[in-house]
2 protein chains.
Amino acid sequence: MYRNFKVLPLIALSFFAMPAPAANHPTMAEVLSASRPSDWRPLDPDNTLYAELPSGRVVIELAPAFAPLHVANIKALARAKYFDGLSIIRAQDDYVVQWGDPDNLRPLPAGIGKLAPEFDSPISRPPSFTRLPDGDVYAPEVGFSNGFPAARAPKPQLAWLAHCYAMVGVARDLDVQSGSGAELYVVIGQAPRQLDRNVALVGRVVKGMELLSSLPRGGAEMGFYAHAEQRTPIKSIRIAADVPASERSDLEVIRTDSAAFAALIESRRNRPEEFFRVQAGHIGLCNVPIAVRERQQSGSQSP
Amino acid sequence: MYRNFKVLPLIALSFFAMPAPAANHPTMAEVLSASRPSDWRPLDPDNTLYAELPSGRVVIELAPAFAPLHVANIKALARAKYFDGLSIIRAQDDYVVQWGDPDNLRPLPAGIGKLAPEFDSPISRPPSFTRLPDGDVYAPEVGFSNGFPAARAPKPQLAWLAHCYAMVGVARDLDVQSGSGAELYVVIGQAPRQLDRNVALVGRVVKGMELLSSLPRGGAEMGFYAHAEQRTPIKSIRIAADVPASERSDLEVIRTDSAAFAALIESRRNRPEEFFRVQAGHIGLCNVPIAVRERQQSGSQSP
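Note that residues are indexed from 1 along each chain, following the sequence as it is written. To read the labels, note that chains go from A and ligands from 1, taken in the order they are written. Two thresholds apply to this predicted model, a pLDDT of at least 70 for residue-level local features and 80 or more for giving and counting side-chain atom pairs, whereas whole-chain, interface and lining totals are computed over all residues.

**Considerations on the overall build of chain A**
Inference 1: Secondary structure elements follow DSSP: runs of H or I of four or more residues count as helices, runs of E of two or more count as strands, with numbering from the N terminus. Within chain A one finds four helices and 17 strands.
Inference 2: As defined in this context, the radius of gyration uses C-alpha atoms, and a globule is described by 2.2 Å times the residue total to the power 0.38. By the compact-globule yardstick of 19 Å for 303 residues, chain A fits well, its C-alpha radius of gyration being 20 Å.
Inference 3: For the exposure call, what matters is how many other C-beta atoms sit within 10 Å of a residue's own: 20 or more marks it buried, 12 or fewer exposed, and in between partly exposed, using C-beta atoms placed from the backbone. Put simply, chain A has 303 residues, and 47% of those count as buried.
Inference 4: If you take every contact in chain A between residues at least 6 apart in sequence, the share linking residues at least 24 apart comes to 71%. Each residue is represented by a C-beta atom placed from its backbone, and any two residues with such atoms within 7 Å are regarded as in contact.

Right under this line is the structure:
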């Protein structure tokens, strides 16, 4: 019955039409199906990591625009095979999974050290920002910057990545200059936005999240594993560009400044599926799915 | 160094003091440690479920104030041992775990049927509401009602439970009157607030979430398990009052209308721990931990 209502214009601050009109805009599946090749961009092999676990591959897209020093360190560590044979040492429910050197025995390779904080950046540095008009509890502005959930403050002119599900950050100690990239964490629960601007976020897991999020939780404090045998080994972490092309995960990400992505957001803000009796009218930053898929090869794009 | 700043008053809509002053209020651990017995309430055995899995017990507090018909159905189903031997049939990453009859073969016990929607309620029905002043993307007002995250709209005078992590809901089909309580789901990811007012929420997992959230994700559509052997069996679901006292989980929940809970919220809104260089200044509804602990027996309270 809702299908016969007309679509109301979206007014960001008007809560609740009652009963809710059903939208007759497309579903997310329909948006993706109707998207054009130009609505997508392939992952850049130079800024993509493959973390190989016994259960499979976790693919991470790096965000050098926000944390160039940390990303450079992580890439140098991967090239030095620093991560190979380390472990997932922590899985704290509704919070993070973390990996690194469980015994703090492995020295950092020569030339790689602890870094000055890249917890936020000048607002002009990230190359794009597509604002989400729905509002946010934590930041004055939120949106998407080239595939990553981000936030910014016109005063004091700062931008930063947001701690949404699947975001990857650099663990550090109390000293703000104590992170090197040798120990990384991934968000596996409700977005811990209180961490925004307190750590360097460096990327996002774009495939394989379920290999991390379904790990048994650690029983020691903060979700660390109490026993070595509970840890999951990291077989290797490699930069995609260093992996033979035939072994790469050929993925593409929706362009977050495209009309297709705007349509995707609307398909999730006001769900057109018949199941939804009431439409939310708004969407939280971390509730927007940033679509990733196997790369669709068109004839003209083939090498 | 931040420790020497004075505490600024919290102003809900002023974003960003820069640099952030460190709060000198207590941490959450200190708040809980300083709380009094009267800041806590024991779980009501008549409105507590124990879902027994091979890996252990999941404890659910039911919310009859919001969904009395659905809670009554679920309790009747538990008393009829309807759930015993059913399975967890779905685990969709960053969304929900769901259990029920995988083959839809088990008839509902006599007298238990599909229910009219209890997706929201008159604003006056829930006995309490402690507002969280930090704002929300999805609802005009959010807060806590007797231990549950909740939302409300002064117009049209409705209240409802919010889909935060660990909330338990009643699965249904497209028909709004198709849920019985025989199939339940639990939120295991970023709060899917778009489901608010579209399904009947009936309670919250207060212990054992990690037994659900760490389950392998299902490989079929919507996270359903493709193969029967991937499902986790439900040994039994019982009402705590029906379990011998010696076998009960003796838990207590912080009173969400207490001063201690207000202090807990502030300890999470502006984290006083030295790690935090920037304090958020705000907190999302689903980021507030509703503390649960083993019941602290004082001498005078012993039977």
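On we go.
**Here we look at unusual backbone geometry**
With the exception of glycine, the majority of residues adopt a negative phi angle, and the majority of peptide bonds are in the trans configuration.
Inference 1: The residue after Lys155(A), namely Pro156(A), is reached through a cis peptide bond having omega 10 degrees.
Inference 2: Mapped onto the fold, Pro156(A) is located in the loop between β9 (148–153) and β10 (158–161).
Inference 3: Even without glycine at this site, Asp94(A) takes up a positive phi of about 60 degrees.
Inference 4: Among the structural elements, Asp94(A) can be located in the loop between β4 (87–91) and β5 (96–100).
Inference 5: Unlike most non-glycine residues, Gln157(B) shows phi in positive territory, near 60 degrees.
Inference 6: Note on placement: Gln157(B) falls in the loop between β9 (148–153) and β10 (158–161).

**Digging into the relation of the copies chain A and chain B**
Copy one and copy two of the chain differ by a rotation about a common axis and a shift along it.
Inference 1: Superposition of the copies used a least-squares fit over C-alpha atoms from residues whose pLDDT is at least 70 in both. Overlaying chain A on chain B yields an RMSD of 0.0 Å, the required transformation being a rotation through 180 degrees with an accompanying axial translation of 0.0 Å. Accordingly, the operation relating the two chain copies is best matched by a two-fold axis.
Inference 2: Mapped onto chain B, 100% of the interface residues of chain A again fall at the interface, so both copies present the same surface.

**Side note on the sheet that holds strand β16 (residues 251–254) of chain A**
All names here are of chain A.
Inference 1: Read across the open sheet, the three strands follow the order β1-β16-β17; overall the sheet is antiparallel. Edge positions in the sheet fall to β1 (40–42) and β17 (292–294), since each has one partner strand and no second. Geometrically, the sheet is characterised by an average inter-axis angle of 35 degrees between neighbouring strands, direction not taken into account.
Inference 2: Pairing of β16 with β17 involves three bridges; the strand directions are antiparallel. Bridge pairing in β17 places Glu 252 opposite Arg 293. The criterion for strand pairing is that DSSP finds at least two bridges linking the strands in question. Where helices are involved, their axes are fitted lines through C-alpha atoms of the stretch in contact, as for all axes, and angles between N-to-C directions lie from 0 to 180°.

**Regarding the domain arrangement of chain A**
Residues and elements named next belong to chain A.
Inference 1: In this entry, domain limits derive from an automatic or database-based domain assignment. Annotation of chain A at the domain level lists domain 1 (2–41 + 254–301) and domain 2 (44–248).
Inference 2: Each of domain 1 and domain 2 has a C-alpha centre, and these two points are 28 Å apart.
Inference 3: Counted by class, the side of domain 1 that touches domain 2 contains six nonpolar, two polar and two charged residues. Three classes are used, and their members are as follows: Ala, Val, Leu, Ile, Met, Phe, Trp, Tyr, Cys and Pro are nonpolar, Asp, Glu, Lys and Arg are charged, and the others, Gly among them, are polar.

**Concerning the pairing of strand β8 (residues 141–145) of chain B**
All names here are of chain B.
Inference 1: Among the five residues of β8, four are classified as buried, and the element is accordingly described as predominantly covered.
Inference 2: Pairing analysis gives three bridges linking strand β7 (residues 130–132) to β8, with the strands arranged antiparallel. Pairing of Leu 132 across the sheet is with Val 142, part of β8.
Inference 3: In this sheet, β9 lies alongside β8 in antiparallel orientation, the contact comprising five bridges. Bridge pairing links Ser 145 to Phe 148 in β9.
Inference 4: Counting the residues between successive antiparallel strands, the hairpin from β8 to β9 contains two residues, one of them, Asn 146, with a positive phi of roughly 50 degrees.

**Digging into the interface of chain A and chain B**
How big an interface is tends to be reported as the loss of accessible area on association of its parts.
Inference 1: Each side of the interface is counted separately: chain A has 41 residues, and chain B has 41 residues.
Inference 2: The element best represented in the side of chain A that touches chain B is helix α3 (residues 209–213) of chain A, accounting for three residues.
Inference 3: Among the residues forming the side of chain A that touches chain B, the class breakdown is 20 nonpolar, ten polar and eleven charged.

**Section: the sheet that holds strand β15 (residues 236–239) of chain B**
All names here are of chain B.
Inference 1: Read across the open sheet, the nine strands follow the order β14-β4-β5-β12-β11-β13-β3-β2-β15; overall the sheet is antiparallel. Where the open sheet ends on each side, the last strands, each with one partner, are β14 (232–233) and β15.
Inference 2: Examined bridge by bridge, strand β4 (residues 87–91) and strand β5 (residues 96–100) share four bridges and lie antiparallel to one another. Within β5, the residue paired with Ala 91 across the bridge is Val 97.
Inference 3: Running over the sheet, helix α2 (residues 68–79) touches β2 (48–53), β3 (56–62), β11 (167–170), β13 (201–207) and β15 and is turned about 120 degrees from β15.

**Some points on the nonpolar core**
Inference 1: We define a nonpolar core as a collection of buried residues of the types Ala, Val, Leu, Ile, Met, Phe, Trp, Tyr and Cys that are connected via C-beta atoms lying within 7 Å of each other. Residues Val186(A), Leu201(A), Val202(A), Val186(B), Leu201(B) and Val202(B) are the most contacted members of the largest nonpolar core, which totals 159 residues.
Inference 2: In this structure Leu201(B) touches Ala63(B), Phe66(B), Ala67(B), Leu161(B), His163(B), Met167(B), Val168(B) and Gly169(B), once residues within four positions along its chain are discounted.

**Digging into helix α2 (residues 68–79) of chain A**
All names here are of chain A.
Inference 1: Take the number of residues in a helix, subtract one, and multiply by 1.5 Å to get its expected span. Between its first and last C-alpha atoms α2 spans 16 Å; for twelve residues at 1.5 Å apiece the expected length is 16 Å, and the two agree.
Inference 2: Every buried residue belonging to α2 is among His 70, Val 71, Asn 73, Ile 74, Lys 75 and Ala 78, and all of these are buried.
Inference 3: Those residues of α2 that are buried are in contact with β2 (48–53), β3 (56–62), β11 (167–170), β13 (201–207) and β15 (236–239).
Inference 4: Lys 81 sits one or two residues past α2 and shows a positive phi near 55 degrees.

**A few points about the confidence of the model for chain A**
Residues and elements named next belong to chain A.
Inference 1: Think of pLDDT as the predictor's per-residue confidence, scored from 0 to 100. Confidence in the prediction of chain A, expressed as mean pLDDT, is 91, and 90% of residues score 70 or more.
Inference 2: Throughout residues 1–21 the model reports pLDDT below 50, and contacts reaching past four residues in sequence, or to other chains, amount to 25 contacts.
Inference 3: Of the regions scoring below 50 in pLDDT, residues 299–303 engages in one contact with residues more than four places distant in sequence or in other chains.
Inference 4: Scoring of the predicted complex yields 0.92 for pTM and 0.91 for ipTM.

**A few points about helix α4 (residues 259–269) of chain B**
Inference 1: Within α4(B) the residues assigned to the buried category are Phe261(B), Leu264(B), Ile265(B), Ser267(B) and Arg269(B).
Inference 2: On its buried face, α4(B) sits against α1 (28–34) and β16 (251–254) of chain B.

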